[in-house]
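# A look at the structure
Spelled out, the chains give:
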Amino acid sequence: MKFKIMVLLGLFILTLSCKKITNVKLVDGVNSGKLSYRLVDDAGKGLAGIKVSLYDAKLGLNTNYPDPSALVGSIRTDQDGVAYFPDLLPNNYLVTCDTARINKVRYRTDEFVQVVADVDKKKSINVSEFSGLLNLTLISTKDYRTVLKNVGVVAYPVNEIILNSSNVFEVINSSTLKGVTDANGFVSIKVPSNIPFNFIVYNITNRNLAYGYNSYSVAKNAKINATLYSDPF
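Fair warning: this is a prediction, and the values are worked out from it, not measured in the lab.

## Some remarks on the environment of Lys-123
Within the fold, Lys-123 resides in strand β7 (residues 120-126). Distance from Lys-123 to Val-82, taken between C-alpha atoms, is 9.2 Å for residues 41 residues apart in sequence.

So, in structure tokens, the structure goes:
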């Protein structure tokens, strides 16, 4: 009888041991996924040398200011514009880029991407699609009613350009983010999304200047309607 009890006890311990080993194998057997993230311009050409960062979406949900502790890794795109992240845990990730330029305009991209185990996910994005519209109406400060028509407006990134009297005309001449108000004092400018912009207002005939307005940023595929008050030229 004593021998039978010892045998049963041994089988019970062996059973517990096998269950424990099985659980370890299940954890160790989690497979990774891969992400190929390609940045292209309007013609579909890959953008090389662009820094792309990957964040754990559970920790880095703020797309404008992702938590640095959520950073999984950063890599620069290759000659074909591809940033390749191998051996990623199955998860949702925030992918950001703030160094891409097209026609001298800097774009900031950010989007969430799901990575699945045993899948090499491939994604290609046109960085200029990360844009929105700034719809502006210019009103005279003389009476705060009269619209200012046929006036030039330039949007410039406030965190990138420090505007002063020596470079203001260079910014006006080189910018592609500009327009001229119509008969209703209205102008619409397409700008990169999630980047703050300020404005230069100028007379297109005599080049008289006004600048120093409130800054605005717009989300991707969104629009902002704003009024700028300026001295009449």
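## Section: the packing of aromatic side chains
Tallied over the entire structure, the rule returns 2 aromatic pairs. Seen from their ring centres, Phe-199 and Tyr-216 are 6.2 Å apart, and the 45° between their planes marks the pair as tilted. Of the two residues, Phe-199 is situated in strand β12 (residues 197-203) and Tyr-216 in the loop between β13 (209-211) and β14 (223-230); the sequence distance between them amounts to 17 residues. In this arrangement the basic side chain of Lys-220 is found over the ring face of Phe-130, its NZ or CZ atom lying 4.1 Å from the centre.

## Section: the side chain of Ser-53
With respect to the secondary-structure elements, Ser-53 resides in strand β2 (residues 51-56). Judged by relative accessible area, which is 8%, Ser-53 ranks as buried. Here Ser-74 takes part through its side chain, which lies 2.8 Å from a polar atom of the side chain of Ser-53. When neighbours within four sequence positions are excluded, Ser-53 is seen to be in contact with Leu-71, Gly-73, Ser-74, Leu-94, Val-95 and Thr-96.

## Section: the pairing of strand β9 (residues 151-157)
In terms of burial, β9 is largely enclosed, as 7 of its 7 residues are buried. Of the two faces of β9, the one carrying Val-151, Val-153, Ala-155 and Pro-157 and the one carrying Gly-152, Val-154 and Tyr-156 are both buried. Here β9 pairs with β12 via 7 bridges, running antiparallel. Each bridged residue has a counterpart across the sheet, and for Tyr-156 the counterpart in β12 is Asn-198. Two elements, β9 and strand β10 (residues 178-180), share 3 bridges in a ladder whose sense is antiparallel. Paired with Gly-152 across the strands is Val-180, a residue of β10.

## Observations concerning the pattern of salt bridges
Under the criterion given, the structure shown has 5 salt bridges. We note a salt bridge from Glu-160 to Arg-101, for which the minimum N-O separation is 2.4 Å. Taken together, the residues span a long stretch of sequence, with Glu-160 in the loop between β9 and α2 (168-174) and Arg-101 in strand β5 (residues 91-102) at a distance of 59 residues. Classification of Glu-160 by relative accessible area gives partly exposed; the value is 32%. Given the relative accessible area of 41%, Arg-101 is considered partly exposed. The residue Arg-106 makes a salt bridge to Glu-160 at a minimum N-O spacing of 3.3 Å. Here Glu-160 lies in the loop between β9 and α2 and Arg-106 lies in strand β6 (residues 105-115), a separation of 54 residues in the sequence. Shared partners join several salt bridges into a network, and the residues in it are Arg-101, Arg-106 and Glu-160.

## A look at the nonpolar core
Counting 42 residues, the largest nonpolar core has Leu-35, Tyr-37, Leu-39, Leu-136, Ile-189, Val-191 and Phe-199 as the members making the most contacts within it. Ranked by residues supplied to this core, first place goes to β5 with 5 residues. If we skip the residues at most four places from it in the chain, Ile-189 touches Gly-132, Leu-133, Leu-134, Leu-136, Val-153, Ala-155, Leu-177, Lys-178 and Gly-179. With 8 residues, the next largest nonpolar core counts Tyr-156, Leu-163, Ile-172 and Tyr-202 among its residues.

Rules behind the numbers
Residues numbered from 1 in each chain as written. Predicted model: local features only at pLDDT ≥ 70, side-chain atom pairs only at ≥ 80, totals over all residues. Heavy atoms only, no water. Helix = DSSP H or I, 4+ residues; strand = E, 2+ residues; numbered from the N terminus. Phe/Tyr/Trp six-rings, centres within 6.5 Å; stacked < 30°, edge-to-face > 60°. Lys NZ or Arg CZ within 6 Å of the ring centre and 35° of its normal. Buried < 20%, exposed > 50% of the residue type's maximum accessible area, 1.4 Å probe, protein only. Polar contact = N/O pair within 3.5 Å; in protein donor to acceptor, adjacent residues only side chain to side chain. Contact = heavy atoms within 4.5 Å. Pairing = 2+ DSSP bridges. Salt bridge = Lys/Arg side-chain N within 4 Å of Asp/Glu carboxyl O. Core = buried A, V, L, I, M, F, W, Y, C linked by side-chain atoms within 4.5 Å.

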